[in-house]
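Coordinate analysis (summary)
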Amino acid sequence: MNYENIRIEQDEGIATITFNRPKALNALNRALLGELSLALGRLAEDEEVRVVVLTGAGEKAFVAGADIGELATFGPLAAKVFSRMGHEVIGKLQELSVPVIAAVNGYALGGGTEIALACDFIYAADSARFGLPEITLGLIPGFGGTQRLPRLIGPAAAKELIFSGRMISAEEALRLGIVNRVVPASSLLEEVRKTALEIASKGRVALRAAKEAVNHGLGVDLATGCRLEVDAFALVFASPDAREGTAAFLEKRKPVFRGRLKEAPGS
Ligand code: DAK
């Protein structure tokens with residue numbers, strides 16, 4: 001498949017999706033969202049993929065938000081299609097069975113910050129900028145920003161960013177807990193890759209169970225969340241990886257995880 005608005009590279013189990021509209025600072029238009037949705041659907045089916053990384057083409061931007069030129073032309077129907085596509089993509093990102101890391105290499109504004117927030121965690125270049133400037137356009141965040149940001153950094157800090165539309169530096173995003181790590185722009189992809197490879201060496205069944213336990217547990221009370229964990233913990237014993245991991249420890253060797261997310265029927 002030839003994509004026009006994104007690029008995909010796959011190597012050593014890591015699939016890197018690059019938003020590729022650098023002249024428009026990788027702004028999200030319908031075409032890009034459509035391609036991203038398609039790509040995520042395909043990667044979800046690909047057993048070779050163990051970690052997905054998202055980043056932006058060029059040195060300036062991860063994603064500078066929704067394409068304002070396109071937004072300005074919307075009637076209610078086009079807005080609905082755009083909105084539906086956006087939510088579908090964000091949902092796919094959050095629910096993807098493998099870990100997703102956002103490598104934020106520059107501006108991540110509006111929908112750009114929201115896409116990064118839907119990833120499992122974010123590494124940022126020291127030159128990155130985050131913000132939800134929708135309010136300055138007479139809008140509010142539409143891809144989950146009003147929900148994910150307060151859950152991550154608390155309602156007061158989130159409201160300040162959402163109400164002011166202010167942009168913040170990578171360092172401030174680190175202090176607030178939006179990003180896990182800030183690194184020099186020149187080493188961002190390398191640092192992300194190191195972590196991605198470390199994760200890729202783990203068992204995919206356990207990774208998936210851990211991701212689901214965290215994600216689903218966040219939406220429920222602690223007791224219910226702990227019950228989710230009990231079920232997820234039991235489920236990983238259905239995979240050969242649990243035997244392999246414990247056996248490897250006892251035999252003082254490195255584990256080789258071969259568990260598959262989709263076991264053959266009857267196996
Ligand atoms: N859309 C379209 N083009 C954009 C763009 C954007 N968001 N951001 C930048 N560009 C284009 C610029 O127009 C310019 O194009 P040319 O003039 O060269 O043709 C080129 O990228 C370079 O940008 P600048 O010349 O402005 O570069 P600067 O370094 O001076 O400034 C900047 C960089 C990132 C500070 C500035 O470009 C900027 O403020 N950009 C807009 C940021 C923004 O407000 N983004 C939109 C946030 S609103 C929805 C769900 C979600 C959303 C909407 C609806 N529904 C559920 C329906 C999401 C909304 C948003 O994301």
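Let me begin by describing the structure that accompanies this report. The model shown is predicted, which means the values in this text are computed figures rather than measured ones. (Residues numbered from 1 in each chain as written. Predicted model: local features only at pLDDT ≥ 70, side-chain atom pairs only at ≥ 80, totals over all residues. Heavy atoms only, no water.)

Turning next to the site of the ligand. Near the ligand lie 23 residues; those nearest to it are K60, A64, A66, I68 and G111. Within the backbone of A66, an N or O atom sits 2.8 Å from an oxygen atom of the ligand. Out of a free accessible area of 1,100 Å², the ligand has 63% covered by protein chains. Mapped by element, the contributors of at least two residues to the shell around the ligand are α3 (76–95) and β6 (107–109). (Near = heavy atom within 4 Å. Polar contact = N/O pair within 3.5 Å; in protein donor to acceptor, adjacent residues only side chain to side chain. Areas by Shrake-Rupley, 256 points an atom, 1.4 Å probe, with all protein chains shown as cover. Helix = DSSP H or I, 4+ residues; strand = E, 2+ residues; numbered from the N terminus.)

Once that is clear, we can look at the pattern of salt bridges. Under the criterion given, the structure shown has 14 salt bridges. Here E160 ties to R166 by a salt bridge, and the two come within 3.0 Å at their closest N and O atoms. Between R253 and E251 there is a salt bridge, and its shortest N-O distance comes to 2.7 Å. Salt bridges sharing common partners tie together D11, E12 and R193. (Salt bridge = Lys/Arg side-chain N within 4 Å of Asp/Glu carboxyl O.)

Moving on to the packing of α3 against helix α4 (residues 111–118). Look at α3 against α4: their axes get within 8 Å of each other, and the N-to-C directions meet at 30°. By the criterion of interaxial angle, the relationship of α3 to α4 is roughly parallel. Residues I90, L93 and Q94 of α3 form the contact with α4, whose participating residues are E114, I115 and A118. Considering only residue class, the contact of α3 with α4 consists of four nonpolar, one polar and one charged. (Axes fitted to C-alpha atoms, helices over the stretch in contact; angles between N-to-C directions. Parallel < 35°, antiparallel > 145°, perpendicular 65-115°, else oblique. Contact = heavy atoms within 4.5 Å. Nonpolar A, V, L, I, M, F, W, Y, C, P; charged D, E, K, R; others polar.)

Turning next to the sheet that holds strand β1 (residues 6–11). On the basis of which strands lie adjacent, the open sheet formed by six strands has the order β1-β2-β3-β5-β7-β10 and mixed pairing. Single-partner strands in this sheet number two, and they are β1 and β10 (181–183). The sheet shows a mean angle of 20° between the axes of neighbouring strands, direction not considered. Of the strand pairs in this sheet, strand β5 (residues 100–104) and strand β7 (residues 121–125) are connected by four bridges, and their pairing is parallel. Bridge pairing links V104 to A124 in β7. (Pairing = 2+ DSSP bridges.)

Turning next to the packing of aromatic side chains. As enumerated under the stated definition, the model contains five aromatic pairs in all. Measuring from centroid to centroid gives 5.3 Å for F74 and F82, while their planes differ by 50°, and the two rings are tilted. Neither residue differs from the other here; F74 and F82 are each classed as buried. Classification of F82 as buried rests on a relative accessible area of 7%. These aromatic residues form a ring-pair network of at least three members: F74, F82 and F143. (Phe/Tyr/Trp six-rings, centres within 6.5 Å; stacked < 30°, edge-to-face > 60°. Buried < 20%, exposed > 50% of the residue type's maximum accessible area, 1.4 Å probe, protein only.)

The subject of this paragraph is the nonpolar core. By size, the foremost hydrophobic cluster in this structure holds 52 residues, and its most contacted members are V52, L54, F62, F130 and I178. Of the residues forming this core, the biggest block, six residues, is contributed by helix α1 (residues 30–45). Of all hydrophobic cores here, the second largest spans 14 residues; its members include V51, A103, I199 and A200. (Core = buried A, V, L, I, M, F, W, Y, C linked by side-chain atoms within 4.5 Å.)

If you check the backbone angles, E12 has positive phi at about 50° while not being a glycine. Along the chain, the position of E12 falls in the loop between β1 and β2 (14–19). Accessibility expressed as a relative area gives 55% for E12, which makes it exposed. Unlike most non-glycine residues, K252 shows phi in positive territory, near 55°. Among the secondary structure elements, K252 is positioned in the segment after α11 (240–250). Exposure remark for K252: the relative accessible area of 77% places this residue in the exposed category.

Before going further, it helps to examine the pairing of β5. Burial analysis of β5 places five of its five residues in the buried class, the great majority of the element. Here β5 shows two buried faces, one formed by V100, A102 and V104 and the other by I101 and A103.

Mapped onto the elements, A157 comes out in helix α6 (residues 155–164). Linking A157 and L176, residues 19 residues apart in sequence, is a C-alpha distance of 7.9 Å.

A surface patch of nonpolar side chains, amounting to about 260 Å² of accessible area, comprises I68, L137 and L139. The residue L139 is located in the loop between β8 (129–131) and α5 (145–153) in this model. The class for L139 is partly exposed, based on a relative accessible area of 38%. (Patch = residues over 30% accessible without salt bridge, like charges linked within 9 Å, V, L, I, M, F, W, Y side chains within 5 Å.)

Bear in mind that shape data such as this cannot, by itself, settle questions of function.
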